[in-house]
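# An overview of the molecular structure
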Amino acid sequence: MSHVKENDTVKVHYTGKLSNGQVFDSSEGRDPLEFTLGQGMLIPGFEKAVLEMKVNDKKTVVIAKDEAYGDVQKELFHEVKKEQLPQDMAPEVGMGLASKNPDGSENQFRVAAVNEDHIVVDGNHPLAGQDLTFELELVEIK
């Protein structure tokens, strides 16, 4: 029976949990995740965990933050004056925001704090700074 190698395309069912056990993502009730290893589409630790698995293998792995979304970077926090926000916006902590760059691309932010005259936005990935646990089941190697 073959096992997963670099550049293979695979299908994987997964459940991702935080260290406190809270599920943050899962393929349960959906099609398995299909991806090709080595293309950098997933966090490095997830790809490494799938290597060498065989069809129907199941395992649980803990992926350190360095192999996931990295540390929280303080330089990705920015103050924005409320007068720069749309007038009808009522910012709340945790709210998602996007800003457009001159080239048309977007940056995603979350509101980290709301003050009287400004808000603080956080450009870090929501899972930055956290170790992640994944329950994996390899469904198919293409």
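This text goes with the structure placed above it.
Residues numbered from 1 in each chain as written. Predicted model: local features only at pLDDT ≥ 70, side-chain atom pairs only at ≥ 80, totals over all residues. Heavy atoms only, no water.

### As for the overall build of the chain
For the chain, the count of helices and strands is one helix and nine strands. Moving toward the C terminus, one meets the helices and strands of the chain in the order β-β-β-α-β-β-β-β-β-β. Its C-alpha radius of gyration of 19 Å places the chain more than 25% over the 14 Å reference for a compact globule of 142 residues. On the principal axes, the C-alpha backbone points of the chain span a range of 60 × 35 × 30 Å. (Helix = DSSP H or I, 4+ residues; strand = E, 2+ residues; numbered from the N terminus. Rg over C-alpha atoms; globule rule 2.2 N^0.38 Å.)

### Side note on the pattern of salt bridges
According to the stated counting rule, one finds 10 salt bridges in the structure shown. Across the salt bridge formed by aspartate 25 and arginine 30, the nearest N and O atoms sit 3.7 Å from each other. By relative accessible area, which is 45% here, arginine 30 ends up partly exposed. In this structure, glutamate 106 and lysine 100 form a salt bridge, with 3.5 Å as the shortest nitrogen-oxygen distance. Judged by relative accessible area, lysine 100 falls into the exposed class, the value being 63%. By sharing partners, the salt bridges in this structure join Lys11, Glu34, Glu140 and Lys142 into a single network. (Salt bridge = Lys/Arg side-chain N within 4 Å of Asp/Glu carboxyl O. Buried < 20%, exposed > 50% of the residue type's maximum accessible area, 1.4 Å probe, protein only.)

### Some details on a negative patch on the surface
Where like charges cluster on the molecular surface, the negative patch consists of Glu79, Glu83, Glu116 and Asp117. Tracing the sequence through the fold places aspartate 117 in the loop between β7 (106–114) and β8 (118–122). Using a relative accessible area of 49% as the deciding quantity, one classes aspartate 117 as partly exposed. (Patch = residues over 30% accessible without salt bridge, like charges linked within 9 Å, V, L, I, M, F, W, Y side chains within 5 Å. Areas by Shrake-Rupley, 256 points an atom, 1.4 Å probe, with all protein chains shown as cover. Lys, Arg positive; Asp, Glu negative; His and termini not counted. Charge placed at Lys NZ, Arg CZ, Asp CG, Glu CD.)

### Brief notes about the packing of aromatic side chains
According to the stated counting rule, one finds five aromatic pairs in the structure shown. For the pair tyrosine 14 and phenylalanine 134, a centre-to-centre distance of 6.4 Å together with 55 degrees between the ring planes defines the contact as tilted. Of this pair, tyrosine 14 sits in strand β1 (residues 9–17) while phenylalanine 134 sits in strand β9 (residues 132–141), placing them 120 residues apart in sequence. Tyrosine 14 sits in the buried class, given a relative accessible area of 9%. (Phe/Tyr/Trp six-rings, centres within 6.5 Å; stacked < 30°, edge-to-face > 60°.)

### Remarks on the pairing of strand β2 (residues 23–26)
The side chains of a regular strand alternate between the sheet's two faces. Inspection of the sheet shows β1 paired to β2 by three bridges, in the antiparallel sense. Its bridge partner lying in β2, glycine 16 is registered against aspartate 25. Hairpin geometry of β1 and β2 is characterised by an intervening segment of five residues between the two adjacent antiparallel strands and by a positive phi of about 95 degrees at glycine 21. (Pairing = 2+ DSSP bridges.)

### Some points on the sheet that holds β7
Taken together, the four strands give an open sheet; going across it, the order is β5-β8-β7-β6, and neighbouring strands pair in antiparallel fashion. The strands lining the two open edges of the sheet, one partner per strand, are β5 (77–81) and β6 (96–100). Taken over all neighbouring pairs, the strand axes of this sheet differ in orientation by 40 degrees on average, direction set aside. As paired strands, β5 and β8 are joined by five bridges and run antiparallel to one another. The residue bridging glutamate 79 from the neighbouring strand is valine 120, located in β8. (Axes fitted to C-alpha atoms, helices over the stretch in contact; angles between N-to-C directions.)

### Digging into the nonpolar core
Grouped together as the largest cluster of nonpolar side chains are 20 residues, with contacts concentrated most on Val10, Val12, Phe46, Val50, Phe134 and Leu136. Every element with two or more residues in this core is listed here: β1, α1 (44–50), β4 (58–63) and β9. Sort the elements by how many residues they give to this core and β9 lands first, with four residues. Ignoring anything within four residues of it in the chain, the contact list for valine 12 reads Ser27, Pro32, Leu33, Phe35, Phe46, Val50, Leu136, Glu137, Leu138 and Val139. (Core = buried A, V, L, I, M, F, W, Y, C linked by side-chain atoms within 4.5 Å. Contact = heavy atoms within 4.5 Å.)

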